[in-house]
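Residue-level structure breakdown
The chain contents come next:
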Amino acid sequence: MSAVDTLFVIASSALVLLMTPALGLFYAGMVNRNNTLNTILNSTMLYALIALQWIILGYTLAFGDDKGWIIGGLNHIFLTDTNYSYVGNIPERLFVFFQMLFAVIGAAIITGSLVERMRFGVLLVFILCWSSLAYDILAHWVWGGGWLMKIGSLDFAGGGVVHIAAGVAGLIGCIMLGKRKFKRGLLPHSLPLSFIGAILLWMGWLGFNTGSALSVNSVAVNAFITTNFSVVGAMLSWMIIEWTKYGKPTLLGSITGIVAGLVAITPAAGFVTPFASIVIGFLASPICFFAISFLKSKFGYDDTLDAFGLHGIGGIWGGIATGLFATSSVNAIVREEAIGEGLFYSGDFNLLFVQLVAVLACFLLSAIVSYVILKVMCCFVALRVEETQEENGLDQSLHGEIAYRQ
């Protein structure tokens, strides 16, 4: 065991832990004021729920002994055999905790598409089932010895496993749930609250991406730098888009650009150069902006807080960008375990093709699982709150609390 690496992953875990309540604040500032507490509670309660699921079953499905390149075995159920094991130079139980936080934030991202109209209990059951049947399996495919890992796909910190999967689950969920009936304006009720959440997300993301190296080394340093530079590119390009299209740059656009840049660099952070990360972030904003401003209105789905537009589309771009920009000069894994270097370094399409396969696999599995879960649930319970509850806000009707006194 390396004491330095262990301390590094502990610190990274603390930062990732910050992301779930930060996401709650980011989301809460953008909903109607009468749904503020419900939106925060969605993220907070999912931490407890998914953490318990991960300890009992999730970790072993994701990282247990490989079964046919599809799923992990049950040798880690209830964490009964990880007392003296190690992953790299850190205790396995610390790795379990670090990966658990990824499962938690992935689940919390989904809520952004469903807020202001889904019943609280229904949300918890849906995401618990989705985590077991989609997230854990994808984590095994990509990181735990599954088929995507075997064919050489690259996903440094969860662009496909976390962001594509969560964004697609949110998309399927909001389509099946239906549109909100009472939209009280399109602007956030508290931009300062969302700003605080975005900045805390940025800080937490440094642990998310940097800690994925699992060691204090050059790859971790590169991931730290590329994460920040991707944000630089994304913020600038989102501002340019808004200033050109609407004549005014906005704080809402800036914090949205922050998240777009963070999502896009996640799968590539430990594989690309700092300059490439700026390009990835700079292109992430127009791609996500197009999804939010055009695709959503074109197809008519009510993705409340654009979880699919930011995380799903941003994750797709990040996975593709990894196939373009990954280089062994940053990380030897690109040469040793992947199918080859990125298109711009090798001149061949091998890695890009594999990345496209991985993106499609993450999209389809999450979509199919989400649809089946919600379809089955529809047979037993109503997915939406009652119309009067939606009109009056979920804080008071579901939780008996209010965020703001008149």
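About the cut-offs
- Residues numbered from 1 in each chain as written.
- Predicted model: local features only at pLDDT ≥ 70, side-chain atom pairs only at ≥ 80, totals over all residues.
- Heavy atoms only, no water.
- UniProt positions renumbered as here; feature names shortened; annotations may be inferred.
- Helix = DSSP H or I, 4+ residues; strand = E, 2+ residues; numbered from the N terminus.
- Rg over C-alpha atoms; globule rule 2.2 N^0.38 Å.
- Buried < 20%, exposed > 50% of the residue type's maximum accessible area, 1.4 Å probe, protein only.
- Expected span 1.5 Å × (residues − 1).
- Bend = angle between axes of the 7 residues up to and from the residue.
- Contact = heavy atoms within 4.5 Å.
- Salt bridge = Lys/Arg side-chain N within 4 Å of Asp/Glu carboxyl O.
- Axes fitted to C-alpha atoms, helices over the stretch in contact; angles between N-to-C directions.
- Parallel < 35°, antiparallel > 145°, perpendicular 65-115°, else oblique.
- Left-handed = near helix turned anticlockwise from the far one by under 90°.
- Nonpolar A, V, L, I, M, F, W, Y, C, P; charged D, E, K, R; others polar.
- Core = buried A, V, L, I, M, F, W, Y, C linked by side-chain atoms within 4.5 Å.
- Phe/Tyr/Trp six-rings, centres within 6.5 Å; stacked < 30°, edge-to-face > 60°.
- Polar contact = N/O pair within 3.5 Å; in protein donor to acceptor, adjacent residues only side chain to side chain.

The protein chain goes by Ammonium transporter in an unreviewed UniProt entry, where it is assigned to Helicobacter turcicus. According to the UniProt record, the Sequence similarities (unreviewed entry) comment for the protein chain is "Belongs to the ammonia transporter channel (TC 1.A.11.2) family."

**Focus on the overall build of the protein chain**
For the protein chain, the count of helices and strands is 16 helices and four strands. Radius of gyration (C-alpha) of the protein chain: 20 Å, near the 22 Å computed for a compact globule of 406 residues. Counting only C-alpha atoms, the protein chain reaches 60 × 50 × 35 Å along its principal axes. A burial count over the protein chain gives 59% of its 406 residues as buried.

**Topic: helix H10 (residues 274–299)**
Taking 1.5 Å of rise per residue, the 26 residues of H10 would be expected to cover 38 Å, and the 36 Å separating its terminal C-alpha atoms lies within 8% of that figure. The largest bend along H10 reaches roughly 30 degrees and is located at Ala 291. Among the residues of H10, Ala 276, Ser 277, Ile 280, Gly 281, Ala 284, Ser 285, Cys 288, Phe 289, Ala 291, Ile 292 and Lys 296 are the ones counted as buried. The inward-facing, buried residues of H10 abut helix H8 (218–246), helix H9 (251–265) and helix H11 (307–325). Following H10 by one or two positions, Gly 300 adopts a phi angle in the positive range, close to 75 degrees.

**A word on the pattern of salt bridges**
Two side chains with opposite charge may pair up if their charged atoms get near one another. Taken as a whole and judged by the stated rule, the model has five salt bridges. Across the pair Arg 180 and Glu 116 runs a salt bridge whose closest N-O atoms are separated by 2.8 Å. Highlighted residues: Arg 180 in the loop between helix H6 (159–177) and helix H7 (191–210) and Glu 116 in the loop between helix H3 (92–110) and helix H4 (120–142), separated in sequence by 64 residues. Look at Glu 116 and you get buried, because its relative accessible area is 8%. Between Lys 296 and Asp 306 there is a salt bridge, and its shortest N-O distance comes to 2.7 Å. One end of the pair, Lys 296, is in helix H10; the other, Asp 306, is in the loop between H10 and H11, and 10 residues separate them in sequence. The same class applies to Lys 296 and to Asp 306, which are both buried. Sharing partners across several salt bridges, the network here consists of Glu 116, Arg 180 and Asp 302.

**Focus on the packing of H9 against H10**
Here H9 crosses H10 at 120 degrees, and the two axes come no closer than 8 Å. On the basis of the axis angle, H9 is oblique to H10. For the crossing formed where H9 meets H10, the hand is right-handed. Along its contact with H9, which presents Gly 257, Ala 260, Ala 264 and Ile 265, the element H10 presents Ser 277, Ile 280, Ala 284, Ser 285 and Cys 288. Split by residue class, the contact of H9 with H10 holds six nonpolar, three polar and no charged.

**Overview of unusual backbone geometry**
With phi around 55 degrees, Leu 79 is a residue other than glycine that occupies positive phi space. Mapping Leu 79 onto the fold places it in the loop between strand E2 (71–72) and strand E3 (86–87). Backbone geometry places Asp 306, a non-glycine residue, at a positive phi of 60 degrees.

**Structural notes on the environment of Val 162**
As for its placement among the helices and strands, Val 162 is situated in helix H6. Val 162 gets classed as buried once you look at its relative accessible area, which sits at 0%. Residues Val 162 and Ala 134, spaced 28 residues apart in sequence, show a C-alpha to C-alpha distance of 10 Å. Not counting residues within four places of it along the chain, the set of residues in contact with Val 162 comprises Phe 102, Ile 105, Gly 106, Ile 109, Tyr 135 and Phe 208.

**Some thoughts on the nonpolar core**
Among the nonpolar cores identified, the biggest contains 125 residues, and Phe 26, Trp 54, Phe 126, Trp 130, Tyr 135, Phe 208 and Ile 280 are the most heavily contacted of them. In this structure Phe 26 touches Leu 193, Ser 194, Gly 197, Ala 198, Leu 201, Ile 255 and Val 259, once residues within four positions along its chain are discounted.

**A look at the packing of aromatic side chains**
For the coordinates displayed, the defined rule picks out 19 aromatic pairs. Ring plane angle 15 degrees and centroid distance 4.2 Å describe the contact between Phe 102 and Phe 208, whose orientation is recorded as stacked. Taken together, the residues span a long stretch of sequence, with Phe 102 in helix H3 and Phe 208 in helix H7 at a distance of 106 residues. Judged by relative accessible area, Phe 102 falls into the buried class, the value being 0%. With a centroid separation of 6.4 Å and 80 degrees between ring planes, the pair formed by Tyr 301 and Phe 308 is classed as edge-to-face. Under the relative-accessibility criterion, Tyr 301 is labelled buried at 11%. Aromatic rings pair up to connect Trp 54, Tyr 59, Phe 63, Phe 95, Trp 130 and Tyr 135 into one cluster.

**Some remarks on the side chain of Ser 212**
Tracing the backbone through its elements, the reader meets Ser 212 in the loop between H7 and H8. By relative accessible area, which is 16% here, Ser 212 ends up buried. Ignoring any residue separated from it by four or fewer positions in sequence, one finds Ser 212 in contact with Phe 98, Phe 102, Phe 156, Ala 157 and Gly 207.

**A short note on the side chain of His 311**
Looking at where His 311 falls in the secondary structure, it is placed in helix H11. Engagement of the side chain of His 311 in a polar contact is seen with the side chain of His 163, the distance being 3.0 Å. If near-sequence neighbours (up to four positions away) are discounted, His 311 is found in contact with Tyr 27, Ile 109, His 163, Ile 164, Trp 205, Val 259, Val 263 and Asp 306.

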